[in-house]
Amino acid sequence: MEEACKKRVLTFLMFSLALFAGIGLTACRGEADLDAQLQAALKESGITPLDPGPQPSPELVKLGEALFFDKELSGNRDIACATCHHPLLNTADGLFLSIGTHGIGLGPSRVLGAKRGFIPRNAPEVFNRGAAEWQTMFWDSRVAGSPETGFTSPAGDQLPHTLDNVLAVQAMFPVTSRDEMRGQLGETDVMGHPNELAVIPDEDFREIWNGLMDRLLAIPEYETLFAQAYPGVAKEYLGFEHAANAIAAYEIAAFTFLDAPWDRYLTGEQAALSDEAKQGALLFYGKAKCVECHSGVLFTDQAHHNICAPQLGPGKGDEAPLDLGRARETGEAVDRFAFRTPPLRNVAVTGPWMHDGAYTTLEGAVDHHLNPQEALRSYDVSQLSPALQKTVLADQETLETMTQGLDPLVEEPVTLSEQEFGQLLAFLYALTSPSVEELLYAIPESVPSGLPVSDFYVASEPFIFTQPSPSPTLTPTLALTTPVVTETLVSELEAATQVPGAIEYEVQAGDWVFSIAAEFGVDPEDILKLNDLTSPDQFQPGLVLHIPPPTATTTTTTTSAPPAAPRRTGKGATIHIVKPGEWIWRIARMYGVDPQAIIEANRLTHPGMIYPGQKLIIP
């Protein structure tokens, strides 16, 4: 009897082991089958690891870094390449539509200058632009070509012949745009000097570029940097093409990343992608038909497609408020509303999406592609800023014109289950490089012109919260000769509540709400409330504030408890992820620390250099 019992137990154990082994083998076989399917799809689409291209020389990169962040390249000396392609904003600006010269602030908090409008299109990211496959630049590919075939550009035969690549050609043109960087006739720069670049006719590209080189080579440090980068070129032969080559070299060196889970998978690390992301990749290269346009190693065919992206913003050229996209370059009706397919590396962190930033979520942008006609007609304008909501063109005539030209590749709706949609998103998120979160190193502390690197007018002394200046007037490094006050801010001031004993104070260049509050001994929240302001980023030189009397202020030192289970980093510091509506002093109160300590720990040159989603070190 006992022997029979032992046999039954042994039989049961052997059966259990066989069962679990079978399950394990099935799981492994399933994973192997999934990888085999994906490898077959990649082979069919010709997908291989991305070749980042040659590495530029350190001297050229160093020059390019200075130029990329230096506002000397703008007519009014108030905007740099980095303003719209900032490392801390994933090489873009986080705006629906960019804000050019005379704007104030950085990223989503940047505001328009007086009598200024939005740039018609969204600022694209600039990741991995050194790959040889790149043949086009801009949403309408108005810059295209290669050193071997030659380049086409708005400058025609004025374009120099010594440009290294199509990215360098692109760098030649934002500086020529009046709305982006060059400025308008009759304007003065931030130091009160006439804007000499603005008087040059728009079509005289060579003279604009020569004017910029005159500026740059008048600065001794730039003369040295150019000599180091181009040791065989005499000073009198240096042109802006040499600056553009350097800017491109910096972008390639600073923003080329091949460590995303997808890149690791392509090099043979099969565990780098989750099964969900692999399923999403199969959908991308199959049922969802994304690969029809987002093809090749760059995830773009560099062609132009009308996918009925909502029309919003000021529009472009003579057709405004419409933006006809590629048709503005070709004149062909088939190209109306067609825009170049954007690449997808780091797509999850480079919104808003579409050529005009129409979608604020990746989910919304992906959903649009599945049924463009329906998405266009049901577009939710509430996701836009109030200033842009009223610019959306939703009249029947515009909608019909756009849908009639819908690209056949996206004409037939694609239906995905909720699970499949999630898998597709998982794949797109797997295109994100972890290095994009570590780009603080890419920002120099200073530039040769001496202009501020940050996109704020800062005081001549380091910004100190706890040491207010002895008078309400701060001495600025750069004096604005014309107050930059938008109509919105004027109306907000007119509507401000009057408090007995309140006094008026005109905001100076370099002022920040906390410094003003410290000077008058009041709470910064009370200043915002009294002046009907929703953000400290609305402070601009020339703005007249009502300052409440000290007795009317709140002396509370904390506004809320610290977040639960904060992330810890070395030496007792905490990582705080900035939420919408949070400002330096609110975060400082939350953790009971000095705001200046947060600024110094994060190498901020101004307390306004924070934005939602940013990771701050809290000492």
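Residues numbered from 1 in each chain as written. Predicted model: local features only at pLDDT ≥ 70, side-chain atom pairs only at ≥ 80, totals over all residues. Heavy atoms only, no water.

A. Examining the overall build of the chain more closely. Check the secondary structure of the chain and you find 21 helices and 10 strands. Put simply, the chain has 619 residues, and 54% of those count as buried. Contacts in the chain between residues far apart in sequence, at least 24 positions, make up 70% of those at least 6 positions apart. On the chain, roughly 27900 Å² of surface is accessible, and the fraction owed to carbon and sulfur atoms is 56%. (Helix = DSSP H or I, 4+ residues; strand = E, 2+ residues; numbered from the N terminus. Buried < 20%, exposed > 50% of the residue type's maximum accessible area, 1.4 Å probe, protein only. Contact = heavy atoms within 4.5 Å. Areas by Shrake-Rupley, 256 points an atom, 1.4 Å probe, with all protein chains shown as cover.)

B. Structural detail: the sheet that holds strand β1 (residues 136-137). The sheet built from 3 strands is open, its strands ordered β1-β2-β3 with antiparallel pairing. Sheet topology places β1 and β3 (150-152) at the edges, where each strand pairs with a single neighbour. Pairing of strand β2 (residues 143-146) with β3, which is carried by 3 bridges, proceeds in the antiparallel orientation. Pairing of serine 146 across the sheet is with glycine 150, part of β3. (Pairing = 2+ DSSP bridges.)

C. View of the packing of helix α2 (residues 58-69) against helix α7 (residues 220-229). Interhelical geometry of α2 versus α7 gives an angle of 145° and a closest axis separation of 8 Å. The way α2 lies across α7 gives a crossing that is left-handed. Where α2 abuts α7, its residues Glu59, Leu60, Lys62, Leu63, Ala66 and Leu67 lie against Tyr222, Leu225, Phe226, Gln228 and Ala229. Residues belonging to the contact of α2 with α7 are distributed by class as follows: 8 nonpolar, 1 polar and 2 charged. (Axes fitted to C-alpha atoms, helices over the stretch in contact; angles between N-to-C directions. Left-handed = near helix turned anticlockwise from the far one by under 90°. Nonpolar A, V, L, I, M, F, W, Y, C, P; charged D, E, K, R; others polar.)

D. Region of interest: the pattern of salt bridges. Enumeration over the complete set of coordinates arrives at 16 salt bridges. The closest approach of N and O atoms between arginine 178 and aspartate 202, which form a salt bridge, is 2.7 Å. With a gap of 24 residues between them, arginine 178 in helix α5 (residues 178-182) and aspartate 202 in the loop between α5 and α6 (205-217) connect regions that are remote in the sequence. We classify aspartate 202 as partly exposed; its relative accessible area is 42%. The shortest N-O distance in the salt bridge between lysine 235 and glutamate 223 comes to 3.5 Å. With lysine 235 in the loop between α7 and α8 (240-255) and glutamate 223 in helix α7, this residue pair connects regions lying 12 residues apart in the sequence. (Salt bridge = Lys/Arg side-chain N within 4 Å of Asp/Glu carboxyl O.)

E. Main features of the side chain of threonine 83. With respect to the helices, strands and loops of the structure, threonine 83 is situated in helix α3 (residues 81-84). What threonine 83 contacts, discounting residues up to four positions off in sequence, is Asp93, Leu106, Arg110 and Asp455.

F. Highlighting the packing of aromatic side chains. For the structure on display, the rule yields 21 aromatic pairs. Where tyrosine 359 meets tyrosine 379, the ring centres are 5.5 Å apart and the plane angle is 85°; that geometry is what we call edge-to-face. Separated by 20 residues along the polypeptide, tyrosine 359 in the loop between β5 (339-340) and α12 (362-370) and tyrosine 379 in the loop between α13 (372-377) and α14 (386-389) bring together distant segments of the chain. Residues tyrosine 359 and tyrosine 379 agree in their burial class; the two are buried. (Phe/Tyr/Trp six-rings, centres within 6.5 Å; stacked < 30°, edge-to-face > 60°.)

G. Local environment of unusual backbone geometry. Residues alanine 320 and proline 321 are joined by a peptide bond in cis, for which omega reads 10°. Tracing the chain through its elements places proline 321 in the loop between β4 (304-305) and α11 (327-330). Following glycine 351, the chain continues into proline 352 via a peptide bond in cis, with omega recorded as -5°. With respect to the element layout, proline 352 can be found in the loop between β5 and α12. Phi at asparagine 90 is positive, roughly 60°, even though this residue is not glycine. For asparagine 90, the location among the structural elements is in the loop between α3 and β1. Residue asparagine 90 is classed as buried on the basis of its relative accessible area, which comes to 16%. Residue glutamine 302 is not a glycine yet carries a positive backbone phi of 55°. Mapped onto the elements of the fold, glutamine 302 is located in the loop between α10 (275-284) and β4.

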